[in-house]
Amino acid sequence: MTISVDWQAASGSTACNVEFEGLQWISDIDKKSGGSGQHPSPHELLDSALGACTALTLELYAKRKGYALAGIHVEIDREESGGIYRLTRRIQLLGELDQTTREDLLRIANKCPIHKALSGQFQIDSELI
């Protein structure tokens, strides 16, 4: 899997074009740092990955288990302090769900692939090409 990111000085913009397998989106620095404020920043993309993965994981699991889950709302807040990147995730489960089902869904939310990745160790190897 390869994600490509391109920025060109001639564009007159701080925004980067991102591409993966024919899909394209834009990321930019935040407005206070000189960006346009029209596109998510890399931090917002990272944080939103946790929210999206949580909702999608819960959706698939609830369908497989036959839970009466009518909807999911996930909010992610980020705080950076003392070298710690802290994400707080609030999950709202919609539908007629008993406490046992709700607790099962929370257990599964904590197993979503992005949660597991962000909770683990990262190794980043960089090279010039």
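Before reading on, note that the structure itself is shown above.
Residues numbered from 1 in each chain as written. Predicted model: local features only at pLDDT ≥ 70, side-chain atom pairs only at ≥ 80, totals over all residues. Heavy atoms only, no water.

### Some thoughts on the overall build of the protein chain
Next up, step 1: Tallying secondary structure elements over the protein chain gives three helices and five strands in all.
Next up, step 2: In the protein chain, the succession of helices and strands from N to C terminus is β-β-β-α-β-β-α-α.
Next up, step 3: Relative to its length of 129 residues, the protein chain is extended, with a C-alpha radius of gyration of 18 Å against a globular reference of 14 Å.
Next up, step 4: Principal axes of the C-alpha set define a box for the protein chain whose edges measure 55 × 40 × 30 Å. (Helix = DSSP H or I, 4+ residues; strand = E, 2+ residues; numbered from the N terminus. Rg over C-alpha atoms; globule rule 2.2 N^0.38 Å.)

### Describing the sheet that holds strand β1 (residues 4-6)
Next up, step 1: Spatially, β1-β2-β3 is the arrangement adopted by the three strands of the open sheet, whose pairing is antiparallel. Each edge of the sheet is formed by a strand with only one pairing partner; in this case those strands are β1 and β3 (23-27). Mean inter-strand twist for the sheet, computed between neighbouring axes without regard to direction, equals 25°.
Next up, step 2: By the bridge criterion, three bridges tie β1 to strand β2 (residues 16-20) in an arrangement that is antiparallel. Across the sheet, residue Asp6 finds its bridge partner in β2, namely Asn17. (Pairing = 2+ DSSP bridges. Axes fitted to C-alpha atoms, helices over the stretch in contact; angles between N-to-C directions.)

### What to know about helix α2 (residues 99-109)
Next up, step 1: Buried residues of α2: Thr101, Asp104, Leu105, Ile108 and Ala109, and no others. An end-on view of α2 places all buried positions within 145° of arc, on one side of the element.
Next up, step 2: Against α1 (42-65), β5 (84-94) and α3 (113-119) lie the buried residues of α2.
Next up, step 3: The backbone nitrogen of Thr100 has a side-chain oxygen 3.2 Å away, supplied by the residue at the start of α2, namely Asp98. (Buried < 20%, exposed > 50% of the residue type's maximum accessible area, 1.4 Å probe, protein only. Arc of directions from axis to C-beta. Contact = heavy atoms within 4.5 Å. Polar contact = N/O pair within 3.5 Å; in protein donor to acceptor, adjacent residues only side chain to side chain.)

### Focus: the state of the cysteines
Next up, step 1: Applying the stated criterion across every chain, the model contains zero disulfides.
Next up, step 2: Counting only cysteine sulfurs, Cys112 is the nearest neighbor of Cys53, a cysteine outside any disulfide, at a range of 3.4 Å.
Next up, step 3: By relative accessible area, Cys112 is classed as buried at 0%. (Disulfide = S-S within 2.5 Å.)

### So, the packing of aromatic side chains
Next up, step 1: On inspection of all chains with the given rule, the structure shows one aromatic pair.
Next up, step 2: Measuring from centroid to centroid gives 6.1 Å for Tyr61 and Tyr67, while their planes differ by 70°, and the two rings are edge-to-face. (Phe/Tyr/Trp six-rings, centres within 6.5 Å; stacked < 30°, edge-to-face > 60°.)

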